[in-house]
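# Structural characterization, general
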Amino acid sequence: MSTASLYTRRIEVSAGGTKPRKHQDHSLWKENLWRLAIVAALIVAWQFAVNFGWVNAFLMGSPAGIAIEAWRQLQSGQLLSDTWTTLYATIVGFLLGSIGGSAAGLLLWYSRHVARIIDPFVVALNGLPKISLAPMIIIWFGSGMLSKVALAFIATFIVALLSAYQGTHQIDANLVNLMRSLGATKRQIFLKVVVPATLPWIISAFRLNIGFALIAEIGGEFIASDKGLGRSIFVAGNLFNLNAVWVGVLTLMLVAIALYLVVSRIERYLLPWESR
Amino acid sequence: MTLSTQLREIAAIPSGGANVAIALDHVEKHFEDQQGNPIPVIRDITLDIREHEFISIVGPSGCGKSTMFNIIANLLEPSAGSITLRGSHPIRGAHIGYMLQRDLLFPWRTILENVALGLEVVGVPRTRRLAMSREYLERYNLADFADAYPHTLSGGMRQRVALIRTLITDPDVILLDEPFSALDYQTRLVLEEEILSILKSFDKTVVLITHDIGEAIAMSDRVAVMTQRPTSVKRLYEVGLSRRLGSCLKARSDPRYQTLFDQIWADLDIQMGGQAS
Ligand SMILES: Nc1ncnc2c1ncn2[C@@H]1O[C@H](COP(=O)(O)OP(=O)(O)OP(=O)(O)O)[C@@H](O)[C@H]1O
Ligand SMILES: [Mg+2]
C-alpha cells in the first residue's frame, strides 16, 4: 500500500510547460506587441527612476548599465564562454540524468519486486535537496565541469525515474490485456505499450528537469567553480556589481527559455498524436 | 486436469451434432478482496459455443460477463472447471480474437498501425503487414483514415477499426464485449448490420456481450441470459432471426422478436426484483 500512495502524486508541469495553442495570426501579433510594450515600459521606467535618483543604481543596476556591461562581456568573450560552460554542463547532466532516470523508471515496470525493495530509497533521495550534496560532489569530482555534470545528473535522475515509474502505473490495464490476448510477450508489451504510454510522463519530467538541472548547476558554481554564469553572478554579487549580476541572470533566463523550447520541440516530435 | 476434461478432449465432437467451438465446463471464478476473502463472481458456467454460430450473452451489470470473456481469452485462470477450444486448451492469441469493452485503439498509433498491431505481435514483416492492413481498411471504406490518429475519428469509426484489427489476425472465434455501448442509436443500428455482414462473410464463431436485449435478438442465433453475480447461465434461447431473414432490421420487425424480447426481459426483470428485495 505504501508503494501506491507514494507514487500516486502526479508531478505537475509548471506554467512554462503548457502546450502552445494555435492562435490566429493577428491575435498572436497583438499579444507579442503587448508583451514588447510591457518590457519596453519597464525598461524605460527603470531607467527614468535611476536618472531621477528615485532608485539607487548601485543597489539596483540600471538598464543602460546592464547594456554596457553586456556589451563589454560580449566583446571580451567572457559572456559567451560563461554561457557555454553553464549550458554544456547543464545539458550533459540533464540528458544523462533524465534519460537514465526515465530508462530506470521504465525498467522498474518489469519487476514489481525490485520496485518495492528500492521504493524507500527513491523516496528518501527524492525528498533530499540535491544541492546539499554539492560540497561532497565537489570534493570528489573537483571544481571543474565534471562536478557540475554530476550534480545536474543527480538532480534530474530521481525526478525522471519517479515520473516514468508513475507513468507505468497509469497505463490502461486493458491495453496490456489486449496485447496479451494477441499473444504478445512481456518484451513486446513493454516496447509497444509501456514505453509509448509513458512518454508523456517522461516529457513532463524533462520539463521539470530543465529547472532542476539549472539549479544544481548554478548552485554548484556558487560553491566552487572557475567558469560559468553562476560563478559570474556570484563574483559580481560579491563585488556589488549589480549590472553584471543582471547580465548573468538575464542570460540564464534566455538559456532556460531556449531549453524549454527545445523540449517542446522534442515533445511535438515524440508525441505527434497529442498535438492536433 | 480432471478425467472428465480429458474425456471431453478425446470426444471433441459432442453428441449435440453441431461442432463445438468453445466448451465451458463448470467454470467458476472468484476474486479476492483486500483481506483475502473470496468474492465469487462466476458460480458455474457450463455452455457449449457452437462452431460458426453467433451467440449473445445478456446479463445484469457487473454479473461477470467480461470476466467470462477474460477466462475464454486466457487472460484469467478459472478458479475451477475447464475451457476447451475445439477440444484442445486454447492457445492464447492463436484462435481467439478479443475485442475488449470500449474501443481500445492505441492513441500513439495511426489507424493503419493500429490495425496492423495483431500481425506485428506475431511477427509479420512490416511491409507485408502494412499492405495487408491497408487492404482491410480499403475493403471497409476506411482507407482515407489510414494515417490519422484515433482521436480524430468518430466513435463509430473507431469501433469499426477495432473490429478490423480483431479480424485481420483471422481468429476462429471472435469475442465482442459491448462493442456498441458507447454509440448513439442510429450508429448502432448501422453498425449492427454492417458487422453482421462482415462476420458472415468471414464465417466466424462470434460471442457478443450486450446490455441491449433487442440487439441480442436481432443479431444472434442464440441468446444466453445470465443471472446476477455470482453468475451462471439462466436460460438459453434459440433465435436465428437475422440468419433466416437476412438482416437485423427484418429481425427487429418480425413478430417473434417481440415475444423473445418480453421473455428475456422477464428473465432479467425477475433478477432485478430479486436484487431489490
Ligand atoms: N480483478 C478483479 N478483482 C476483483 N474483482 C473483480 C476483478 N475484476 C472484476 N471484478 C468484479 O467482478 C464482477 C464482475 O465484473 P465483470 O467486469 O466481469 O462484469 P460485467 O458483467 O462485464 O459488467 P458490465 O456489464 O458492467 O461490463 C464485478 O463486481 C467486478 O467488480
Ligand atoms: Mg463488462
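Remember, it's a predicted structure, so these values are computed and weren't measured experimentally. (Residues numbered from 1 in each chain as written. Chains lettered and ligands numbered in written order. Predicted model: local features only at pLDDT ≥ 70, side-chain atom pairs only at ≥ 80, totals over all residues. Heavy atoms only, no water.)

## Digging into unusual backbone geometry
All names here are of chain B.
- The omega torsion of the bond from Arg229 to Pro230 falls at -10°, within 30 degrees of zero and hence cis.
- Note that Pro230 resides in the loop between β8 (222–226) and β9 (231–238).
- Of note, the phi angle at Asn141 is positive, near 55°, even though the residue is not glycine.
- Among the secondary structure elements, Asn141 is positioned in the loop between α5 (126–139) and α6 (155–167).
- Phi angles above zero are rare outside glycine, and Asp170 is one such case at about 55°. (Helix = DSSP H or I, 4+ residues; strand = E, 2+ residues; numbered from the N terminus.)

## Topic: the site of ligand 1
Residue and element names in this part refer to chain B.
- Not every one of the 13 residues close to ligand 1 is listed here, only the nearest: Gly62, Lys65, Ser66, Thr67 and Arg229.
- Here an oxygen atom of ligand 1 and a side-chain polar atom of Arg229 are 2.7 Å apart.
- Coverage of ligand 1 by the protein chains reaches 62% of its 640 Å² of free accessible surface.
- The element best represented in the shell around ligand 1 is helix α2 (residues 65–72), accounting for three residues.
- Of the residues belonging to the shell around ligand 1, the class tally is three nonpolar, seven polar and three charged. (Near = heavy atom within 4 Å. Polar contact = N/O pair within 3.5 Å; in protein donor to acceptor, adjacent residues only side chain to side chain. Areas by Shrake-Rupley, 256 points an atom, 1.4 Å probe, with all protein chains shown as cover. Nonpolar A, V, L, I, M, F, W, Y, C, P; charged D, E, K, R; others polar.)

## Section: the packing of α6 of chain B against helix α7 (residues 185–202) of chain B
All names here are of chain B.
- At a minimum axis separation of 11 Å, α6 and α7 run at an interaxial angle of 15°. By the angle between their axes, α6 is roughly parallel relative to α7. As for how α6 packs across α7, the hand of that crossing is right-handed. Listed contacts from α7 to Gly156, Gln159, Arg160, Leu163 and Leu167 of α6 are Thr187, Val190, Leu191, Glu194, Ile195, Ile198, Leu199 and Phe202.
- Of the residues in the contact of α6 with α7, the class split is eight nonpolar, three polar and two charged. (Axes fitted to C-alpha atoms, helices over the stretch in contact; angles between N-to-C directions. Parallel < 35°, antiparallel > 145°, perpendicular 65-115°, else oblique. Left-handed = near helix turned anticlockwise from the far one by under 90°. Contact = heavy atoms within 4.5 Å.)

## Brief notes about helix α4 (residues 63–76) of chain A
All names here are of chain A.
- Taking 1.5 Å as the rise per residue, α4 with 14 residues should run 20 Å; its terminal C-alpha atoms sit 20 Å apart, in good agreement.
- Along α4, the positions that sit buried rather than exposed are Pro63, Gly65, Ile66, Glu69 and Gln73. Looking straight down α4, one finds that the buried residues subtend no more than 155° of arc, so they occupy a single side. Exposed and facing more than 90 degrees away from the buried side of α4 are Ile68, Trp71 and Gln75. (Expected span 1.5 Å × (residues − 1). Buried < 20%, exposed > 50% of the residue type's maximum accessible area, 1.4 Å probe, protein only. Arc of directions from axis to C-beta.)

## Some points on the nonpolar core
Residues and elements named next belong to chain B.
- Core analysis: the largest hydrophobic core is formed by 75 residues, its most contacted members being Ile22, Leu24, Met68 and Leu175.
- Excluding residues that lie within four positions of it along the chain, Leu175 makes contacts with Phe69, Ile72, Ala73, Ile96, Gly97, Tyr98, Met99 and Val207.
- Counting 51 residues, the second largest nonpolar core, distinct from the first, contains Ala116, Ile217, Val223 and Leu260. (Core = buried A, V, L, I, M, F, W, Y, C linked by side-chain atoms within 4.5 Å.)

## Structural notes on the environment of Ile264 of chain B
Residue and element names in this part refer to chain B.
- For Ile264, the location among the structural elements is in helix α11 (residues 255–276).
- Sequence separation of Ile264 and Asn70 is 194 residues, and the distance between their C-alpha atoms is 25 Å.
- Leaving out residues up to four positions away in the same chain, Ile264 has contacts with Val58, Ile213, Ile217, Val223, Val225 and Tyr237.

## A look at the sheet that holds strand β1 (residues 20–32) of chain B
Residue and element names in this part refer to chain B.
- Spatially, nine strands are ordered β4-β1-β2-β9-β8-β3-β7-β6-β5 in an open sheet, and the strand pairing comes out mixed. Either end of the sheet is taken by a strand with one partner, and the two such strands are β4 (80–85) and β5 (96–99). With direction set aside, neighbouring strand axes in the sheet form an average angle of 20°.
- Bridge count between β1 and β4: five bridges; the pairing is antiparallel. Of the residues in β4, the one forming a bridge with Leu24 is Ile83. (Pairing = 2+ DSSP bridges.)

## Digging into the environment of Ser56 of chain B
Residues and elements named next belong to chain B.
- Along the chain, Ser56 falls in strand β3 (residues 54–58).
- Remark: the alpha-carbon pair of Ser56 and Trp265, spanning 209 residues in sequence, is separated by 14 Å.
- Residues within four places of Ser56 in sequence aside, it is in contact with Leu208, Ala216, Ser220, Arg222, Val223 and Ala224.
- Here Ser220 takes part through its side chain, which lies 2.5 Å from a polar atom of the side chain of Ser56.

## Here we look at the domain arrangement of chain B
Residues and elements named next belong to chain B.
- Domain assignment breaks chain B into domain 1 (18–63 + 84–95 + 175–267) and domain 2 (104–169).
- Once you take the C-alpha centre of each, domain 1 and domain 2 turn out to be 25 Å apart.
- Contacts between the two partners involve 13 residues from domain 1 and, on the opposite side, nine residues from domain 2.
- Summing the contributions of domain 1 and of domain 2, the shared interface buries around 910 Å²; its carbon and sulfur component is 72%.
- The largest per-residue losses of area from domain 1 upon contact with domain 2 belong to Leu191, Ile198 and Phe202, which jointly make up 42% of the total buried on that side.
- As a salt-bridge pair, Arg160 and Glu194 come within 2.8 Å of each other at their nearest N and O atoms.
- At the boundary of domain 1 with domain 2, the tally comes to two residue pairs in polar contact (both at pLDDT 80 or more).
- No other element matches the eight residues that α7 contributes to the side of domain 1 that touches domain 2.
- Among the residues forming the side of domain 1 that touches domain 2, the class breakdown is 10 nonpolar, one polar and two charged. (Domains from an automatic or database assignment. Buried area = accessible area lost by both parts, 1.4 Å probe. Salt bridge = Lys/Arg side-chain N within 4 Å of Asp/Glu carboxyl O.)

## Structural notes on the packing of aromatic side chains
- Under the counting rule described, the total for this entry stands at 15 aromatic pairs over all chains.
- Aromatic pair Trp109 of chain A and Tyr110 of chain A: ring centres 5.4 Å apart, planes at 75°, arrangement edge-to-face.
- Residue Tyr110 of chain A is classed as partly exposed on the basis of its relative accessible area of 30%.
- Above the plane of the ring of Trp109 of chain A lies Lys186 of chain A, whose end atom (NZ or CZ) is 5.3 Å from the centre.
- Directly above the aromatic system of Tyr136 of chain B lies the positively charged group of Arg139 of chain B, at a separation of 4.8 Å from the ring centroid. (Phe/Tyr/Trp six-rings, centres within 6.5 Å; stacked < 30°, edge-to-face > 60°. Lys NZ or Arg CZ within 6 Å of the ring centre and 35° of its normal.)

## A short note on the pairing of β5 of chain B
All names here are of chain B.
- Along β5, one buried face is formed by Ile96 and Tyr98 and the opposite face, lined by Gly97 and Met99, is buried too.
- Here β5 runs beside strand β6 (residues 173–177); their pairing, made up of four bridges, is parallel. Residue pairing for β6: Ile96 is matched across the bridge by Val173.

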